[in-house]
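In case you want the letters, here they are:
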Amino acid sequence: MMDLLIVLTSFLDLVIPFFFAILLPVLGLYFVYLIITKAFTDMGFSTFEAILIVFASFLLGSGLIDEYVGVSFSNIPLFTYHTYWIVSINVGGAVIPILLSIYLSVKNRLNLIRVLLGIGGIAVVTFCVTYPDPDKGIVSTFPYWILPILAASFLSLVVCWKEKKKAAPFAYTIGTLGVLLGADGFHLMGLLQFETQTMRTAVIGGASVFDMVFITGILAVFLDGLLIIQKKRKKDA
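Residues numbered from 1 in each chain as written. Predicted model: local features only at pLDDT ≥ 70, side-chain atom pairs only at ≥ 80, totals over all residues. Heavy atoms only, no water.

## Some remarks on helix α5 (residues 112-129)
Here is step 1 of the chain: Between its first and last C-alpha atoms α5 spans 26 Å; for 18 residues at 1.5 Å apiece the expected length is 26 Å, and the two agree.
Here is step 2 of the chain: Among all positions in α5, only Val115, Gly118, Ile119, Ile122, Ala123, Thr126 and Val129 are buried. Seen along its axis, α5 keeps its buried residues to an arc of 140°; they face one direction. α5 presents Ile113, Leu116, Leu117 and Cys128 as exposed residues on the side facing more than 90 degrees away from its buried surface. (Helix = DSSP H or I, 4+ residues; strand = E, 2+ residues; numbered from the N terminus. Expected span 1.5 Å × (residues − 1). Buried < 20%, exposed > 50% of the residue type's maximum accessible area, 1.4 Å probe, protein only. Arc of directions from axis to C-beta.)

As C-alpha cells, this is what we get:
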C-alpha cells in the first residue's frame with residue numbers, strides 16, 4: 001500500500017508541473033481562439049477569415065515582419081511635429097480596424113448617425129481612462145480599460161435591440177473607432193507636447209492602443225453574443 005502511494009505521489013509530482021507548464025497555456029490559447037472565432041462569426045465572417053484577419057493584424061501591428069525585411073510595413077509615417085516627434089499610423093492597430101469597420105458598416109447598412117454617436121460615446125469613455133506617457137505612448141491601467149468594452153457592448157444592445165443581427169458589427173465598429181479616437185485622437189496633441197532629447201515616434205493604433213483596439217472590438221462583440229443568447233433562452237423558456 002505504501003509503495004502504491006509513493007508511486008502515485010511521484011506520478012502526481014511529474015504530471016502537475018506538466019499540466020501547469022503545457023496544458024494550461026494550450027487550454028488558454030484554445031479559449032482565446034474560441035472567443036475570437038465566435039466574435040468574428042457573429043460579425044458574418046468564417047473561421048478562416050477570422051484567423052486571417054487576426055494574423056494579419058498581429059503581424060502588421062507588432063512589427064515582426066519589419067525585422068526580417070528591413071522595411072517598415074507596420075507603421076506608415078504621416079508627418080513630423082517640431083524636431084522630436086514623428087507621427088505614424090499602425091497598419092494592424094489602426095488601418096485594418098478602420099477598413100474593417102467601414103466594411104461592416106456598409107455591408108450591414110448601419111445607421112450612420114447612430115454609428116457616429118456611438119463612436120463619440122466610446123471616445124469620451126476612452127479619453128477618460130487613458131493618458132499620454134512620453135515613454136509608452138497612450139496608456140490605460142486595469143481595470144479602467146475594461147470600461148470601453150462594457151460601454152460598446154451596452155450601447156450596441158440598446159441601439160440594435162430590435163435588429164440583433166446588427167449588434168455585433170455595431171459593437172465592433174463603435175468599439176474600435178471609439179478607442180482610436182478617444183485614445184490616440186484626443187490625446188495625440190497632449191503627447192506631442194512632451195519635449196524629448198531624441199527623435200521619437202508617436203504611433204496611432206500602436207503600443208498599448210493596439211491592445212485596447214483589438215480587445216475592445218473582440219470582447220464587446222463576444223459579450224453581445226453571450227447576452228443575446230441568454231435573452232433568447234429566457235424568451236424560449
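Right, picking up where we left off after that structure.
## As for the pairing of strand β2 (residues 85-90)
Here is step 1 of the chain: Judged by how many residues are buried, β2 sits mostly within the fold: five of six residues are covered.
Here is step 2 of the chain: Two strands pair when backbone bridges link them, and strand β1 (residues 75-81) and β2 are joined in this way by six bridges, in the antiparallel orientation. Paired with Ile76 across the strands is Ile89, a residue of β2.
Here is step 3 of the chain: A loop of three residues connects β1 with β2, the two strands running antiparallel in sequence, and His82 in this loop sits at a positive phi of about 55°.
Here is step 4 of the chain: Relative to strand β5 (residues 200-204), β2 runs parallel, the two being bridged by five bridges. Residue pairing in the sheet places Ile89 in a bridge with Ile204 of β5. (Pairing = 2+ DSSP bridges.)

## Looking at helix α2 (residues 47-62)
The α-helix winds at 3.6 residues per turn, so residues separated by three or four positions along the chain end up facing the same way.
Here is step 1 of the chain: The end-to-end C-alpha distance of α2, which contains 16 residues, comes to 22 Å, matching closely the 22 Å that a straight helix rising 1.5 Å per residue would cover.
Here is step 2 of the chain: Residues Ala50, Ile53, Val54, Ser57 and Gly61 constitute the buried set of α2. The buried side chains of α2 occupy one side of the element, clustering within an arc of 95° when seen end-on. Along α2, exposed side chains directed more than 90 degrees from the buried face belong to Phe48 and Phe55.
Here is step 3 of the chain: Of the residues trailing α2, Gly63 is marked for its positive phi of about 85°.

## Quick look at the side chain of Thr126
Here is step 1 of the chain: Residue placement: Thr126 occurs in helix α5.
Here is step 2 of the chain: Among the polar contacts made by the side chain of Thr126, one reaches the main-chain carbonyl oxygen of Ile122 at a distance of 2.8 Å.
Here is step 3 of the chain: Ignoring any residue separated from it by four or fewer positions in sequence, one finds Thr126 in contact with Pro148, Gly178, Val179, Gly182, Ala183 and Met212. (Polar contact = N/O pair within 3.5 Å; in protein donor to acceptor, adjacent residues only side chain to side chain. Contact = heavy atoms within 4.5 Å.)

## With respect to the pattern of salt bridges
Here is step 1 of the chain: For the structure on display, the rule yields three salt bridges.
Here is step 2 of the chain: One salt bridge in this structure joins Asp42 and Lys38, with 2.6 Å as the shortest N-O distance. Here the residue Asp42 and the residue Lys38 both occupy positions in helix α1 (residues 2-42), the gap between them amounting to four residues, near one helical turn.
Here is step 3 of the chain: Residue classification places Lys38 among the partly exposed positions, given a relative accessible area of 25%.
Here is step 4 of the chain: A salt bridge links Lys166 to Glu163; its shortest N-O distance comes to 3.4 Å.
Here is step 5 of the chain: Its relative accessible area of 39% is what places Glu163 among the partly exposed residues. (Salt bridge = Lys/Arg side-chain N within 4 Å of Asp/Glu carboxyl O.)

## Looking at the nonpolar core
Here is step 1 of the chain: In terms of nonpolar packing, the biggest core is built from 47 residues, with Phe40 and Met43 touching the most fellow members.
Here is step 2 of the chain: Residue contributions to this core peak at 13 residues, all from helix α7 (residues 167-192). (Core = buried A, V, L, I, M, F, W, Y, C linked by side-chain atoms within 4.5 Å.)

## With respect to the packing of aromatic side chains
Here is step 1 of the chain: Scanning the entire structure with this criterion turns up four aromatic pairs.
Here is step 2 of the chain: Aromatic pair Phe40 and Phe45: ring centres 5.8 Å apart, planes at 65°, arrangement edge-to-face.
Here is step 3 of the chain: Judged by centre distance (5.8 Å) and plane angle (55°), the rings of Phe142 and Trp145 are tilted.
Here is step 4 of the chain: Taking relative accessible area as the criterion, Trp145 reaches 26% and is therefore assigned partly exposed.
Here is step 5 of the chain: Following the ring pairs from residue to residue traces out a cluster consisting of Phe40, Phe45 and Tyr103.
Here is step 6 of the chain: Lying over the aromatic face of Trp161, Lys164 brings its terminal NZ or CZ to 4.5 Å of the ring centre. (Phe/Tyr/Trp six-rings, centres within 6.5 Å; stacked < 30°, edge-to-face > 60°. Lys NZ or Arg CZ within 6 Å of the ring centre and 35° of its normal.)

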